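Single-letter residue listing:
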Amino acid sequence: MAEMGIREDLAPEQSANGVYLPPACYTTSKEEKIKFFQCLHDIKVPSTYSANIKRFVSMKDCKLFGMKSHDCHVLMTHMIPIAIRGILQDDVRHSITKLCLFFNNIHSKVIDVEDLDQWEKDVYVTLYELEIYMGILKGYVRNRNRPEGSIVEGYTCEEVIEFCQGYMKDVESVGVPKTRHSGRLEGKGGVGFKITMPTYEELQVAHLVVLKHMKCLTPYVDEHMDMLKSKYPGKEKMWYINNHNKEFSGWLEKKVAETDVDETVKRLGRGPDCRVKSYQGYDINGYTFYTKDQDEKSTMQNSGVTMIASTTEFDRRDHDTLIRIAKDYYYGVIQKIWELNYYDFVIPVFKCKWVNNRTGVQVDRYGFTLVDLTNNGYVSEPFVLAKHVTQVFYIKDPSKKKEHIVLQGKRRIIGVDDVVDEEEYDHFDDLPPFSVGIEPGNYDNIERTTFVRSNIEGTYVD
């Protein structure tokens, strides 16, 4: 290559100590390798997301071992772009992240045809084998000298057994394990059950969240707002909203006691039992959620949540002027899991520690959503209905100690409890790991790319 004038700066150099091999732009130092593998070693993913990545990492040898096809897929499409943050040169890191983004996009359930041309430009070398079924077929191999024959024999046997089971009653299908979420989509408590007696104020905050999201109470919400406006005319809009939140539950309790209303409205108006069922783990909507305390005891991370909520913003000087009503994603960590007992029915709620969206959430140039979990916000509104949240998990950003990177959880509930709507229950949720997308490459600078790293030592060989 040196004689041909190709990347001459990478050519071996003869010296007194032997042959010196200059470090290529993608070469990592020992410290960078330790940083890379430490990041992977510390990752905790939600239940059913993937295998425990920590088991595949050897910190002693700085190597990965024992990984299966799906583990490699998760590593390439999700974890590598995070683990390389803070190491390597910017242009090398940018290229690797773009390649991982391509693999992340190409396996999506829905692909916009207009994006394909841009993907083709951004990916220079792409070696991609579709291995959707390869992991299952590998499991059929018994004779490693004849893997193809083992696969054919094992696959044929399973097909025959599956066919015969269609004529037998009360027999479960071969190779289709029963999901842990069967019968739990509407909510079911798990570990750490106990009865607690929260303070009256805290219980009322949780109760108000329930009242705000019950469609059957919409006429009563409108009636209470009209009552406030007629009783206190001329007040600012923000004043009416704040007083509605303070007084609505008490007003509704009197309303249902004095009038004949629907039984559900009556139960809601009377409020929940002061004895609350508390859990450390809870299954709902195809997710397994933990509290932060339970996460600390587990190898999995199930306490991260996100939700879409409408935010009403008023002018700081003029509280009667509405600036905007916007829908935003909010990120938090579950602190408590409660079931509020309304006697005829129960409603699960999560008490969360939310990140301040204004100062604690940002999106970087690689499209990652970064959150500062120490930047707390919305302390007066900690509760949310359990059915309204989506699971996420947080990975420490190797390049910024205070920040965590948000990745979406996943669920598999098609066929569980007769769920058939794939559009409603996607395998991955709406937010991809690369939430905004990575900025396009600058192809004019390809010829000026530096292929040698100047900040680390090369290698000497005999």
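For clarity, every value in this text was computed on a predicted model and none was experimentally measured.

Comments concerning the side chain of histidine 207
Here histidine 207 lies in helix H7 (residues 200–212). Under the relative-accessibility criterion, histidine 207 is labelled buried at 2%.

Some words on the packing of helix H8 (residues 218–231) against helix H9 (residues 237–258)
Closest axis-to-axis distance for the H8/H9 pair is 10 Å, and the angle between their directions is 115 degrees. Judged by the sense of rotation from one axis to the other, the crossing of H8 with H9 is right-handed. Residues Tyr220, Val221, Glu223, His224, Met225, Met227, Leu228 and Lys229 of H8 form the contact with H9, whose own contacting residues are Tyr240, Asn243, His244, Glu247, Phe248, Trp251, Leu252 and Lys255. Residues that form the contact of H8 with H9 fall into these classes: nine nonpolar, three polar and four charged.

A few points about the nonpolar core
Considering soluble globular proteins, one finds that nonpolar side chains tend to be buried as a cluster. Counting 30 residues, the largest nonpolar core has Leu40, Val45, Met79 and Ile395 as its most contacted members. Sorting the residues of this core by element identifies helix H1 (30–42), helix H2 (69–83), helix H3 (90–106), strand S17 (390–396) and strand S18 (404–408) as the ones contributing at least two each. With six residues, the single largest contributor to this core is H2. Leave out the neighbours within four places in its chain, and methionine 79 touches Leu40, Ile43, Val45, Tyr49, Ile53, Val74, Phe393, Ile395 and Leu407.

Observations concerning H7
Relative to the 18 Å expected for 13 residues at 1.5 Å per residue, H7 spans 18 Å between its end C-alpha atoms, a close match to the ideal helical length. Buried residues of H7: Glu202, Leu203, Ala206, His207, Leu208, Val209, Val210 and Leu211, and no others.

With respect to H9
Considering bend angle alone, the principal kink of H9 is centred on glutamate 247 and spans about 50 degrees. If you check which residues of H9 are buried, you get Tyr240, Asn243, His244, Phe248, Ser249, Trp251, Leu252 and Val256. As for H9, its buried residues are in contact with H7, H8 and helix H10 (263–270).

Structural notes on the pattern of salt bridges
Any two side chains of opposite charge can pair, given that their charged atoms come close. For the structure on display, the rule yields 11 salt bridges. For glutamate 202, the salt bridge identified is with lysine 336, shortest N-O distance 3.4 Å. On the criterion of sequence distance, the pair formed by glutamate 202 in helix H7 and lysine 336 in strand S11 (residues 322–341) is long-range, its members being 134 residues apart. Here aspartate 273 ties to arginine 275 by a salt bridge, and the two come within 3.1 Å at their closest N and O atoms. The class of aspartate 273 is buried, set by a relative accessible area of 8%. Among the charged side chains, a salt-bridge network with shared partners connects Arg85, Asp364 and Asp397.

Quick notes on the rules
- Residues numbered from 1 in each chain as written.
- Predicted model: local features only at pLDDT ≥ 70, side-chain atom pairs only at ≥ 80, totals over all residues.
- Heavy atoms only, no water.
- Helix = DSSP H or I, 4+ residues; strand = E, 2+ residues; numbered from the N terminus.
- Buried < 20%, exposed > 50% of the residue type's maximum accessible area, 1.4 Å probe, protein only.
- Axes fitted to C-alpha atoms, helices over the stretch in contact; angles between N-to-C directions.
- Left-handed = near helix turned anticlockwise from the far one by under 90°.
- Contact = heavy atoms within 4.5 Å.
- Nonpolar A, V, L, I, M, F, W, Y, C, P; charged D, E, K, R; others polar.
- Core = buried A, V, L, I, M, F, W, Y, C linked by side-chain atoms within 4.5 Å.
- Expected span 1.5 Å × (residues − 1).
- Bend = angle between axes of the 7 residues up to and from the residue.
- Salt bridge = Lys/Arg side-chain N within 4 Å of Asp/Glu carboxyl O.

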